[in-house]
Amino acid sequence: MLYRRIAKPIFFKMSPETAHHVVIDGLKHAGSLPGGAATLRGMYGVKETEDLAVDLFGIHFPNPIGLAAGLDKNAETVTGFSSIGFGFMEVGTVTPVGQPGNDRPRLFRLPPDEALVNRMGFNNLGAESMAKRLAALKHRPVPVAVNIGKNKITPNEDAHKDYEKCISALYPYADFFVVNISSPNTPDLRKLQHGHELKSLLEAVRAEMGVQAKKYGNAKSVLVKIAPDVSDEELEYMTDAIAASGVDGIIATNTTISRAGLTHRNASETGGLSGKPLRDRSTEVIGRVYRQTEGKLPIIGSGGIFTSRDAYDKIKAGASLIEIYTALIYEGPEVNRAIHAGLRELLRKDGFRHINEAVGADHR
């Protein structure tokens, strides 16, 4: 209520990107103050419960609710976000060399649709800068995934080199990696999801992960984030290629370029759409991937999750973990407690003792 009645009206009077930086800076400073993280946990933290704790990729997740990539692009606010109820978080997307991204304005709200459109363009400070920030963290309360991409000026035929550079620079500091080949805001990036480009890229990524695992003596997982804007045939091919590559999982899905059913004028802005309009399509993609892989390839569900029912639908479709982004903007940090509490109740109603029992339940 504090967020919705006081903070949200103030933030929504600012430009979306200004509000974004205010939140990032505020959480960063709050998390660095003596007692700041504890205060945030007291206000918004989520207590770990046995029924919703997840062990996956050799990692312990205190709860299944993660922060999607895009909010903490430079790993500036890991302590702050870790303190407001997330069970894990993605930082990035990061590229080998820092880049400014696309021209402003590049982030737009669609309040009646409870959605956002962004065309940020992988604005970030670069892999080495992120490595220094993550290395400086004295305590990491939840797992941190690093979402990696290619620089805008890098041609697709050399894209694998950018992903390799990110892995090399950040391997010691990531709990796992996410390969972003599905943002609509970097020219030609989504072409890497198809055909020989996908197979070659994932081979290079897997090879570099192997090199770093030998160097540091510990193997880490890598997932691929896919787009919702694909045909059934394209999704089937992508899923087969990803599964055959030996990567450890899929994040479904990234933002959409679809504008079906939107009412706000900002629907005409180019970029990726996130929020409630993406909910059903992302859940459909999760279900298709789960069925095709027979539940053997773990899925993180992302797209349009605002409530515990939204999250539960993705879990029953096949997601082992879920991520939010736009809901945090519209609902505030209280959303994590609400989703967590609601998930526990939904599990109990269906007779499940643990979230793992509900994963893929729609297909049994």
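*Asks:* Mind showing me how you'd approach the packing of aromatic side chains here?
*Replies:* Two aromatic rings, taken as a pair, are described by how far apart their centres are and by the angle between their planes. Applying the stated criterion across every chain yields a total of nine aromatic pairs. Judged by centre distance (6.4 Å) and plane angle (70°), the ring pair of Phe81 and Phe86 falls under edge-to-face. Residue classification places Phe81 among the buried positions, given a relative accessible area of 1%. Among the aromatic residues, ring-to-ring pairing joins Phe57, Phe61, Phe88 and Phe176 into one connected group. The ring of Phe12 carries Lys8 above its face, with NZ or CZ at 5.3 Å from the centroid. Lying over the aromatic face of Tyr171, Lys220 brings its terminal NZ or CZ to 5.0 Å of the ring centre.

*Asks:* Is there a simple way to explain the environment of Tyr163 in this structure?
*Replies:* When you line up the elements, Tyr163 lands in helix α6 (residues 159-170). Considered as a pair, Tyr163 and Glu17 are 146 residues apart in the sequence and their alpha carbons are 27 Å apart. Ignoring anything within four residues of it in the chain, the contact list for Tyr163 reads Ile148, Gly149, Lys150, Val179, Asn180, Ile181, Leu189, Leu192, Leu201 and Val205.

*Asks:* Sorry, what's going on with the side chain of Asn254 here?
*Replies:* Considering the arrangement of structural elements, one finds Asn254 in the loop between β12 (249-252) and β13 (272-275). Classification of Asn254 by relative accessible area gives buried; the value is 9%. There is a polar contact of 3.3 Å between the side chain of Asn254 and the side chain of Asn180. Beyond its immediate stretch of four places on either side in the chain, Asn254 contacts Asn180, Ser182, Ser183, Lys225, Ile226, Ala227, Pro228 and Leu278.

*Asks:* In this structure, what is going on with the environment of Arg190? I would like to understand it.
*Replies:* Here Arg190 shows up in the loop between β10 (176-180) and α7 (195-216). A C-alpha to C-alpha distance of 9.8 Å links Arg190 and Asp229, two positions 39 residues apart in sequence. With sequence-adjacent residues up to four places away left out, Arg190 is seen in contact with Ile181, Ser182, Ser183, Pro184, Ala227, Pro228, Asp229, Thr255 and Ile257. Among the polar contacts made by the side chain of Arg190, one reaches the main-chain carbonyl oxygen of Ser182 at a distance of 2.6 Å.

*Asks:* Would you mind showing me how to read the pairing of strand β15 (residues 321-324) here?
*Replies:* Here β15 shows two buried faces, one formed by Leu321 and Glu323 and the other by Ile322 and Ile324. As paired strands, strand β3 (residues 65-67) and β15 are joined by three bridges and run parallel to one another. What sits directly across from Ile65, in β15, is Ile322. As judged from the three bridges shared by strand β14 (residues 299-302) and β15, these two strands associate in the parallel manner. Paired with Ser302 across the bridge in β15 is Glu323.

*Asks:* How do you make sense of the environment of Val359 when you look at a structure like this?
*Replies:* Its place among the elements puts Val359 in the segment after α13 (355-358). The class for Val359 is buried, based on a relative accessible area of 10%. Sequence spacing of Val359 and Asp280 is 79 residues, and the spatial spacing of their C-alpha atoms is 17 Å. In contact with Val359, not counting residues within four places along its chain, are Tyr290, Ile315, Gly318, Ala319, Ser320 and Arg364.

*Asks:* Sorry, what's going on with the sheet that holds β13 here?
*Replies:* Working definition: the strands of a sheet are paired by backbone hydrogen bonds and lie parallel or antiparallel to each other. Read across the open sheet, the three strands follow the order β6-β7-β13; overall the sheet is antiparallel. Both outer strands of the open sheet, β6 (107-110) and β13, are each paired with one neighbouring strand and no more. Shown here is a sheet whose adjacent strand axes are inclined to one another by a mean of 25°, direction ignored. Note that strand β7 (residues 115-118) and β13 share four bridges and pair antiparallel. Across the sheet, the residue bridging to Ala115 is Gly275, located in β13.

*Asks:* In this structure, what is going on with the sheet that holds β10? I would like to understand it.
*Replies:* As summarised here, the arrangement of the eight strands in space is β3-β4-β9-β10-β11-β12-β14-β15, forming a closed barrel in which the pairing is parallel. Taking each pair of neighbouring strands and ignoring which way they run, the sheet shows an average axis angle of 25°. Contacting β11 (221-226) and β12, helix α8 (residues 232-245) crosses the sheet at an angle of about 170° to β11.

About the thresholds
Residues numbered from 1 in each chain as written. Predicted model: local features only at pLDDT ≥ 70, side-chain atom pairs only at ≥ 80, totals over all residues. Heavy atoms only, no water. Phe/Tyr/Trp six-rings, centres within 6.5 Å; stacked < 30°, edge-to-face > 60°. Buried < 20%, exposed > 50% of the residue type's maximum accessible area, 1.4 Å probe, protein only. Lys NZ or Arg CZ within 6 Å of the ring centre and 35° of its normal. Helix = DSSP H or I, 4+ residues; strand = E, 2+ residues; numbered from the N terminus. Contact = heavy atoms within 4.5 Å. Polar contact = N/O pair within 3.5 Å; in protein donor to acceptor, adjacent residues only side chain to side chain. Pairing = 2+ DSSP bridges. Axes fitted to C-alpha atoms, helices over the stretch in contact; angles between N-to-C directions.

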